[in-house]
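# Understanding the architecture of this molecule
What follows is the residue order along each chain.
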Amino acid sequence: MSRRVIGVTLDNLDHLPKRCRRCVFWELAPHIREQAEEFGETELEKEAWVSSVLLEWGSCGRIIYVDGVPAGYAMYAPPAAVPRAAAFPTAPVSADAVLLTALRVLPEFEHGGLGRVLVQNVAKDLTRRGVKAVEAFGDLEGTAESCVIPAGFLQQVGFKTVRQHPQWPRMRLELRTAISWKEDVEAALERLLSSVTIKTTEPAVGGA
């Protein structure tokens, strides 16, 4: 079973899960988001945001494919490009960090290590660009419909809490840690991927 990770572009943006494709939780300030949702313009707003970040900063997302099927994705950007970040009680994001806003693996591909692969790929991309660390707001409740990454997952892939909160801790991954994972982890991922079963129906998923 083959896997491939590529950068998010306007050409493959529609490969995001449908709910995530039209979600602008992170990309717009809360009051503007409400207006966009009211007028049904969230997909256009998402596309405009991705286009702007690509032009002004560079790659801002990764999509992972398993045997050519989109299986998950991650989105990230400088904190200044993420209006929603300022609304969190554990803001602001550190000046030397990029914000990981969203990471999701489709249910039929879960437990195959793809989330860790996405984090590692994001880390490699940002390391090449001279970024020191990645931060994310974690969700301690971890509800399926949340647009915030579960804090438990972030801990599992190496993030450390830098500002505590009962629901929205801010967490940080030093990139030198992310790129030092051992080769035996990769081998384990390959074994896990061999057992993944692809379903033909699209599941209902949360988005960010």
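Under the annotation held in an unreviewed UniProt entry, the protein carries the name GNAT superfamily N-acetyltransferase and is attributed to Saccharopolyspora hordei.

Regarding its fold elements, the protein presents seven helices and eight strands. Split into buried and exposed, the 208 residues of the protein put 47% on the buried side. The long-range fraction of contacts in the protein, counting pairs at least 24 apart against all pairs at least 6 apart in sequence, stands at 73%. Carbon and sulfur atoms make up 51% of the accessible area of the protein, which totals about 10,300 Å².

Moving on to helix H3 (residues 42-56). Taking 1.5 Å as the rise per residue, H3 with 15 residues should run 21 Å; its terminal C-alpha atoms sit 21 Å apart, in good agreement. Within the span of H3, buried status applies to Thr 42, Lys 46, Trp 49, Val 50 and Val 53. Down the axis of H3, the smallest arc covering the buried residues is 95°, so these residues share one side. Exposed and facing more than 90 degrees away from the buried side of H3 are Leu 44, Leu 55 and Glu 56. Packing partners of the buried residues in H3 comprise helix H1 (18-21), helix H2 (30-38) and strand S3 (69-77). Residue Gly 58 follows H3 closely and has a positive phi angle near 120°.

All right, on to the packing of aromatic side chains then. Counted under the stated rule, the structure contains seven aromatic pairs. Aromatic side chains Trp 57 and Tyr 76 sit 6.2 Å apart centroid to centroid with 80° between the ring planes, which places their arrangement in the edge-to-face category. Here Trp 57 is found in the loop between H3 and strand S2 (61-66), whereas its partner Tyr 76 is found in strand S3, with 19 residues between them in sequence. A residue is classified by how much of its surface remains accessible, and Trp 57, at 28% relative accessible area, is partly exposed. By way of ring pairs, the aromatic residues Phe 25, Trp 26, Phe 88, Phe 137 and Trp 168 are connected into one cluster. Its end group placed over the ring of Tyr 65, Arg 4 keeps NZ or CZ at 4.9 Å from the ring centre. The residue whose ring lies beneath Arg 129 is Trp 57, and the NZ or CZ to ring-centre distance is 4.0 Å.

Take the nonpolar core next. It is characteristic of soluble globular proteins that their nonpolar side chains tend to be buried jointly. In this structure, Leu 100, Leu 126, Leu 154 and Phe 159 are the most contacted members of the largest nonpolar core, which totals 30 residues. Secondary-structure elements contributing two or more residues to this core are S2, S3, strand S4 (97-105), helix H4 (114-128), strand S5 (133-139), helix H5 (151-156) and strand S8 (170-174). Here this core takes seven residues from H4, the largest share from any one element. If we ignore the near neighbours within four places in the chain, the residues touching Leu 154 are Leu 100, Ala 136, Phe 137, Gly 138, Ile 149, Phe 159 and Met 171. Residues Leu 16, Trp 49, Val 53 and Ala 133 belong to the second largest nonpolar core, which totals 28 residues.

Looking at the element boundaries, Arg 84 is found in the loop between S3 and S4. Salt bridges are absent for the buried Arg 84, whose nearest opposite-charge side chain, Glu 34, sits at 7.1 Å. Setting aside its immediate chain neighbours within four residues, Arg 84 contacts Phe 25, Trp 26, Leu 28, Pro 30 and Arg 33.

This part is about the environment of Asp 125. Tracing the backbone through its elements, the reader meets Asp 125 in helix H4. In the structure, Asp 125 is positioned 66 residues away from Ser 59 in sequence and 8.4 Å away in space, judged by C-alpha atoms. Not counting residues up to four positions away in its chain, the partners in contact with Asp 125 are Ser 59, Arg 62 and Tyr 76. Separated by 2.7 Å, the side chains of Asp 125 and Tyr 76 make a polar contact.

Next up on the list: the pattern of salt bridges. This structure, assessed with the given rule, holds 12 salt bridges. In this structure, the salt-bridge partner of Glu 47 is Arg 21, at a minimum N-O distance of 3.5 Å. Taken together, the positions of Glu 47 in helix H3 and Arg 21 in helix H1 put the pair 26 residues apart, joining distant regions of the chain. In this structure, the salt-bridge partner of Asp 125 is Arg 129, at a minimum N-O distance of 2.9 Å. On the basis of relative accessible area, Arg 129 is assigned to the partly exposed category, the value being 30%.

Rules and cut-offs
- Residues numbered from 1 in each chain as written.
- Predicted model: local features only at pLDDT ≥ 70, side-chain atom pairs only at ≥ 80, totals over all residues.
- Heavy atoms only, no water.
- Helix = DSSP H or I, 4+ residues; strand = E, 2+ residues; numbered from the N terminus.
- Buried < 20%, exposed > 50% of the residue type's maximum accessible area, 1.4 Å probe, protein only.
- Contact = heavy atoms within 4.5 Å.
- Areas by Shrake-Rupley, 256 points an atom, 1.4 Å probe, with all protein chains shown as cover.
- Expected span 1.5 Å × (residues − 1).
- Arc of directions from axis to C-beta.
- Phe/Tyr/Trp six-rings, centres within 6.5 Å; stacked < 30°, edge-to-face > 60°.
- Lys NZ or Arg CZ within 6 Å of the ring centre and 35° of its normal.
- Core = buried A, V, L, I, M, F, W, Y, C linked by side-chain atoms within 4.5 Å.
- Lys, Arg positive; Asp, Glu negative; His and termini not counted.
- Salt bridge = Lys/Arg side-chain N within 4 Å of Asp/Glu carboxyl O.
- Polar contact = N/O pair within 3.5 Å; in protein donor to acceptor, adjacent residues only side chain to side chain.

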